[in-house]
Every structure is written in C-alpha cells, then in structure tokens.
Amino acid sequence: MRTLCASTLIGEFFVIGFAGLVAMQMTALSTAVIWTVSGIAMLLSILLCGMLGRPGGVQLGWALQIALIASGFVVPTMFFLGVVFAALWWASVHFGRKVDAAKARWAAEASAEPA
C-alpha cells in the first residue's frame, strides 16, 4: 500500500506546485499567501509518504485530498484534478491493502512449506 499511496502523493506534489503557478496568474491573492499555502500542502504530501505506515497516515492523506478538491475555489481546474487524485488515493489504499494481504498470505504459505 505504501508504494501506491506514495506514488499518488508524489504526483500531487507536482500538481500542487503547478496549481500555485496558475493561481498566481488567476487570482488577486498575494504571492506570499499562494506560496505559503502551496508550500505547506507540498511539504505535507512529501511528509505523508513517510507517515503511511503509521497510525493516521491514511486519514491525513484523505484530508489532503479534501484540501486539494477545495483548492478548486481558487483554481477551478483543481475541482476536477482533486477528484481524480481522490479516486487515485482510494484506489491506492484499496488495492494496496489487497496486495499487502496477498503478500502476507504468500509469505505465510512459503514459511509453512517444509524445506
């Protein structure tokens, strides 16, 4: 699960950065505000890559997905991209857990076989 979720978060890192560039051209918000918010979101996406194995890591990822969708109020395209990344996040968590369970089952079967 960690690999799939981390890949999604790295993709979000770049999308957030590009959205910050677009927001500078589209809104009346100051550059400092835009880059403070974008920078915090980008930093959070990177930090979450390391927190995925810890309790609450996946839930913080969901919070980032909601924030990404909400950023559509500043850059309207982010409504669409936020939903796309939320779907990718769901798929990463859902299928990642299935892969982890299958790996654990295979490891248990391999250790149960006589040598």
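In what follows, the structure referred to is the one given above.
All of these numbers come straight from a predicted model, not from anything done at the bench.

**Description of the packing of helix α1 (residues 2–26) against helix α4 (residues 77–112)**
Where α1 contacts α4, the two axes come as close as 9 Å, and the packing angle between them is 170 degrees. Overall, the two elements α1 and α4 adopt an arrangement that is roughly antiparallel. The hand of the α1/α4 crossing is left-handed. Residues L4, C5, T8, L9, G11, E12, V15 and A19 of α1 form the contact with α4, whose participating residues are M78, L81, F85, L88, W89, S92, V93, F95 and G96. A breakdown of the residues in the contact of α1 with α4 according to their chemical character gives twelve nonpolar, four polar and one charged.

**Section: the packing of aromatic side chains**
Going through the model one piece at a time under the given rule, you end up with three aromatic pairs. Taking 5.3 Å as the distance between ring centres and 85 degrees as the angle between the ring planes, the aromatic pair formed by F13 and F14 counts as edge-to-face. Assessed through its relative accessible area of 47%, F14 is described here as partly exposed.

**Some words on the layout of surface pockets**
Roughly 420 Å³ of volume is contained in the largest pocket. Taken together, 20 residues form the lining of the largest pocket, with V37, S38, A41, A67 and S71 sitting closest to its centre. Of all the secondary structure elements, the ones that give two or more residues to the lining of the largest pocket are α1, α2 (31–51) and α3 (57–70). Of all the elements, α2 adds the most residues to the lining of the largest pocket, at seven residues.

**Structural notes on α3**
Across its 14 residues, α3 extends 20 Å between first and last C-alpha, which sits within 8% of the 20 Å expected from 1.5 Å per residue. For α3, every residue scored as buried is listed here: G57, V58, G61, L64, Q65 and L68. The buried residues of α3 occupy an angular sector of 105 degrees when the element is viewed end-on, so they sit on one face. For α3, the exposed residues set more than 90 degrees away from the buried face come down to Q59 and I66. If you follow the buried residues of α3, they end up packed against α1, α2 and α4.

How each quantity is defined
- Residues numbered from 1 in each chain as written.
- Predicted model: local features only at pLDDT ≥ 70, side-chain atom pairs only at ≥ 80, totals over all residues.
- Heavy atoms only, no water.
- Axes fitted to C-alpha atoms, helices over the stretch in contact; angles between N-to-C directions.
- Helix = DSSP H or I, 4+ residues; strand = E, 2+ residues; numbered from the N terminus.
- Parallel < 35°, antiparallel > 145°, perpendicular 65-115°, else oblique.
- Left-handed = near helix turned anticlockwise from the far one by under 90°.
- Contact = heavy atoms within 4.5 Å.
- Nonpolar A, V, L, I, M, F, W, Y, C, P; charged D, E, K, R; others polar.
- Phe/Tyr/Trp six-rings, centres within 6.5 Å; stacked < 30°, edge-to-face > 60°.
- Buried < 20%, exposed > 50% of the residue type's maximum accessible area, 1.4 Å probe, protein only.
- 1 Å grid on protein atoms, 1.4 Å probe; cavity = no way out; pocket = protein on both sides within 12 Å on 5 of 7 lines; lining within 4 Å.
- Points joined across faces, edges and corners; volume = space filled by probe spheres on them.
- Expected span 1.5 Å × (residues − 1).
- Arc of directions from axis to C-beta.

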